Amino acid sequence: ISQEELCREADFSHDHNMDKLNQILAERQELVEQIEENKNIIQNLKESLKEELDLAEVNVSTLTEKFPYSETTQLSIILDQIEALLKNIAELDDKSREMFNSKLSQVKKQLTNINKGKQAGQAYRPVIVQREGYFIDKK
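Residues numbered from 1 in each chain as written. Predicted model: local features only at pLDDT ≥ 70, side-chain atom pairs only at ≥ 80, totals over all residues. Heavy atoms only, no water.

Along its length, the chain carries four helices and zero strands. When the helices and strands of the chain are placed in sequence order, the string is α-α-α-α. Buried residues in the chain amount to 13% of all 139 residues. Contacts in the chain between residues at least 24 apart in sequence constitute 46% of all its contacts with a sequence separation of at least 6. (Helix = DSSP H or I, 4+ residues; strand = E, 2+ residues; numbered from the N terminus. Buried < 20%, exposed > 50% of the residue type's maximum accessible area, 1.4 Å probe, protein only. Contact = heavy atoms within 4.5 Å.)

A few words now on helix H4 (residues 70-123). With 54 residues, H4 should reach 80 Å at 1.5 Å per residue; the first-to-last C-alpha distance of 79 Å fits that figure. Within H4, burial applies to Thr72, Asp93, Ser96, Lys103 and Val107. (Expected span 1.5 Å × (residues − 1).)

On the surface, a nonpolar cluster with roughly 590 Å² of combined accessible area is contributed by Leu75, Ile78, Leu79, Ile82, Leu85, Leu86 and Ile89. Assignment of secondary structure puts Ile89 in helix H4. The exposure class assigned to Ile89 is partly exposed, which follows from its relative accessible area of 43%. (Patch = residues over 30% accessible without salt bridge, like charges linked within 9 Å, V, L, I, M, F, W, Y side chains within 5 Å. Areas by Shrake-Rupley, 256 points an atom, 1.4 Å probe, with all protein chains shown as cover. Salt bridge = Lys/Arg side-chain N within 4 Å of Asp/Glu carboxyl O.)

Per the counting criterion, the structure on display carries three salt bridges. Its salt-bridge partner being Asp93, residue Arg97 comes within 3.1 Å of it at the nearest N-O pair. Residue Arg97 and its partner Asp93 are located together in helix H4, separated by four residues, close to a single helical turn. A residue is classified by how much of its surface remains accessible, and Arg97, at 45% relative accessible area, is partly exposed. One network of salt bridges, with partners in common, ties together Arg28, Asp93 and Arg97.

A few words on a negative patch on the surface. Side chains of Glu27, Glu30, Glu33 and Glu37 sit close together on the surface and give a patch of like negative charge. Structurally, the position occupied by Glu27 is in helix H2 (residues 15-53). The class for Glu27 is partly exposed, based on a relative accessible area of 41%. (Lys, Arg positive; Asp, Glu negative; His and termini not counted. Charge placed at Lys NZ, Arg CZ, Asp CG, Glu CD.)

Moving on: unusual backbone geometry. The phi dihedral of Asp54 falls on the positive side, at around 55°, and the residue is not glycine. With respect to the helices and strands, Asp54 occurs in the loop between H2 and helix H3 (60-66).

We now examine the confidence of the model for the chain. For the chain, per-residue confidence averages 81 on the pLDDT scale, and 82% of positions sit at 70 or higher. Taking the mean pLDDT of every element in the chain, the minimum, 63, falls on helix H1 (residues 3-9) and the maximum, 86, on H3. (pLDDT = per-residue confidence, 0-100.)

Here you go:
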(Lines give C-alpha, C1' and ligand atoms only; values in the text may rest on other atoms or scores of the structure.)
Protein backbone atom coordinates (compact mmCIF):
# COMPACT_ATOMS: atom_id res chain seq x y z
CA ILE A 1 0.00 0.00 0.00
CA SER A 2 1.43 3.37 -0.96
CA GLN A 3 1.50 6.56 1.07
CA GLU A 4 -1.00 8.14 -1.32
CA GLU A 5 -3.43 5.18 -1.14
CA LEU A 6 -3.26 5.11 2.65
CA CYS A 7 -3.92 8.84 2.95
CA ARG A 8 -6.83 8.63 0.52
CA GLU A 9 -8.54 5.59 2.09
CA ALA A 10 -7.53 5.63 5.73
CA ASP A 11 -9.55 6.55 8.74
CA PHE A 12 -6.83 7.71 11.10
CA SER A 13 -8.98 7.15 14.14
CA HIS A 14 -8.04 3.43 13.96
CA ASP A 15 -4.71 2.27 15.34
CA HIS A 16 -3.91 -0.16 12.51
CA ASN A 17 -4.07 2.66 9.95
CA MET A 18 -1.82 4.83 12.10
CA ASP A 19 0.66 1.94 12.35
CA LYS A 20 0.68 1.60 8.55
CA LEU A 21 1.15 5.34 8.19
CA ASN A 22 4.04 5.37 10.65
CA GLN A 23 5.69 2.50 8.76
CA ILE A 24 5.28 4.29 5.42
CA LEU A 25 6.62 7.55 6.87
CA ALA A 26 9.66 5.71 8.26
CA GLU A 27 10.30 4.12 4.85
CA ARG A 28 9.84 7.51 3.21
CA GLN A 29 12.37 9.05 5.59
CA GLU A 30 14.90 6.34 4.70
CA LEU A 31 14.39 7.09 0.99
CA VAL A 32 14.83 10.81 1.57
CA GLU A 33 18.09 10.11 3.40
CA GLN A 34 19.28 7.88 0.54
CA ILE A 35 18.44 10.62 -1.97
CA GLU A 36 20.44 13.12 0.07
CA GLU A 37 23.41 10.73 0.18
CA ASN A 38 23.21 10.24 -3.58
CA LYS A 39 23.01 13.99 -4.14
CA ASN A 40 26.22 14.42 -2.14
CA ILE A 41 27.95 11.66 -4.10
CA ILE A 42 26.84 13.20 -7.40
CA GLN A 43 28.03 16.63 -6.31
CA ASN A 44 31.45 15.20 -5.44
CA LEU A 45 31.62 13.41 -8.82
CA LYS A 46 30.70 16.62 -10.62
CA GLU A 47 33.45 18.49 -8.83
CA SER A 48 35.97 15.78 -9.74
CA LEU A 49 34.84 15.79 -13.38
CA LYS A 50 35.03 19.55 -13.49
CA GLU A 51 38.65 19.49 -12.34
CA GLU A 52 39.70 16.48 -14.45
CA LEU A 53 38.08 17.73 -17.67
CA ASP A 54 38.89 21.39 -17.06
CA LEU A 55 35.26 22.49 -17.45
CA ALA A 56 33.65 25.61 -16.05
CA GLU A 57 30.51 23.62 -15.26
CA VAL A 58 29.49 19.98 -15.55
CA ASN A 59 26.17 19.57 -17.35
CA VAL A 60 24.87 17.74 -20.39
CA SER A 61 25.61 20.55 -22.83
CA THR A 62 29.25 20.97 -21.75
CA LEU A 63 29.76 17.21 -21.80
CA THR A 64 28.17 16.96 -25.26
CA GLU A 65 30.50 19.65 -26.56
CA LYS A 66 33.55 17.92 -25.10
CA PHE A 67 32.39 14.38 -25.99
CA PRO A 68 30.07 14.37 -29.04
CA TYR A 69 29.28 10.64 -28.81
CA SER A 70 26.06 8.62 -28.72
CA GLU A 71 26.72 7.75 -25.05
CA THR A 72 26.50 11.43 -24.15
CA THR A 73 23.11 11.59 -25.87
CA GLN A 74 22.00 8.51 -23.95
CA LEU A 75 23.16 10.16 -20.74
CA SER A 76 21.02 13.19 -21.60
CA ILE A 77 17.98 10.97 -22.17
CA ILE A 78 18.51 9.14 -18.88
CA LEU A 79 18.91 12.42 -17.00
CA ASP A 80 15.66 13.71 -18.52
CA GLN A 81 13.90 10.53 -17.41
CA ILE A 82 15.28 10.87 -13.89
CA GLU A 83 14.19 14.50 -13.77
CA ALA A 84 10.66 13.57 -14.89
CA LEU A 85 10.52 10.79 -12.29
CA LEU A 86 11.65 13.12 -9.51
CA LYS A 87 9.03 15.66 -10.55
CA ASN A 88 6.36 12.94 -10.46
CA ILE A 89 7.51 11.82 -7.01
CA ALA A 90 7.35 15.40 -5.72
CA GLU A 91 3.81 15.83 -7.08
CA LEU A 92 2.66 12.56 -5.49
CA ASP A 93 4.26 13.56 -2.20
CA ASP A 94 2.46 16.91 -2.27
CA LYS A 95 -0.90 15.19 -2.95
CA SER A 96 -0.26 12.72 -0.14
CA ARG A 97 0.56 15.53 2.28
CA GLU A 98 -2.62 17.38 1.35
CA MET A 99 -4.74 14.25 1.84
CA PHE A 100 -2.98 13.43 5.12
CA ASN A 101 -3.55 16.93 6.46
CA SER A 102 -7.20 16.78 5.41
CA LYS A 103 -7.72 13.42 7.16
CA LEU A 104 -5.86 14.64 10.22
CA SER A 105 -8.09 17.71 10.34
CA GLN A 106 -11.18 15.47 10.17
CA VAL A 107 -9.91 13.36 13.08
CA LYS A 108 -9.21 16.50 15.12
CA LYS A 109 -12.78 17.70 14.49
CA GLN A 110 -14.14 14.31 15.55
CA LEU A 111 -12.08 14.41 18.76
CA THR A 112 -13.29 17.94 19.49
CA ASN A 113 -16.91 16.82 19.04
CA ILE A 114 -16.37 13.79 21.28
CA ASN A 115 -14.85 15.98 24.00
CA LYS A 116 -17.73 18.46 23.74
CA GLY A 117 -20.17 15.56 24.08
CA LYS A 118 -18.39 14.30 27.19
CA GLN A 119 -18.44 17.77 28.73
CA ALA A 120 -22.15 18.13 27.98
CA GLY A 121 -22.89 14.73 29.52
CA GLN A 122 -20.90 15.56 32.66
CA ALA A 123 -22.75 18.85 33.09
CA TYR A 124 -25.94 16.97 33.96
CA ARG A 125 -24.37 14.56 36.45
CA PRO A 126 -24.30 15.50 40.10
CA VAL A 127 -20.97 16.50 41.53
CA ILE A 128 -19.77 14.03 44.17
CA VAL A 129 -18.73 15.86 47.32
CA GLN A 130 -16.32 14.18 49.73
CA ARG A 131 -17.82 14.55 53.22
CA GLU A 132 -15.61 12.22 55.15
CA GLY A 133 -11.94 12.65 55.92
CA TYR A 134 -9.39 11.55 53.41
CA PHE A 135 -6.90 10.17 55.96
CA ILE A 136 -7.45 7.82 58.86
CA ASP A 137 -5.33 8.48 61.90
CA LYS A 138 -4.19 5.23 63.60
CA LYS A 139 -3.31 6.54 67.09
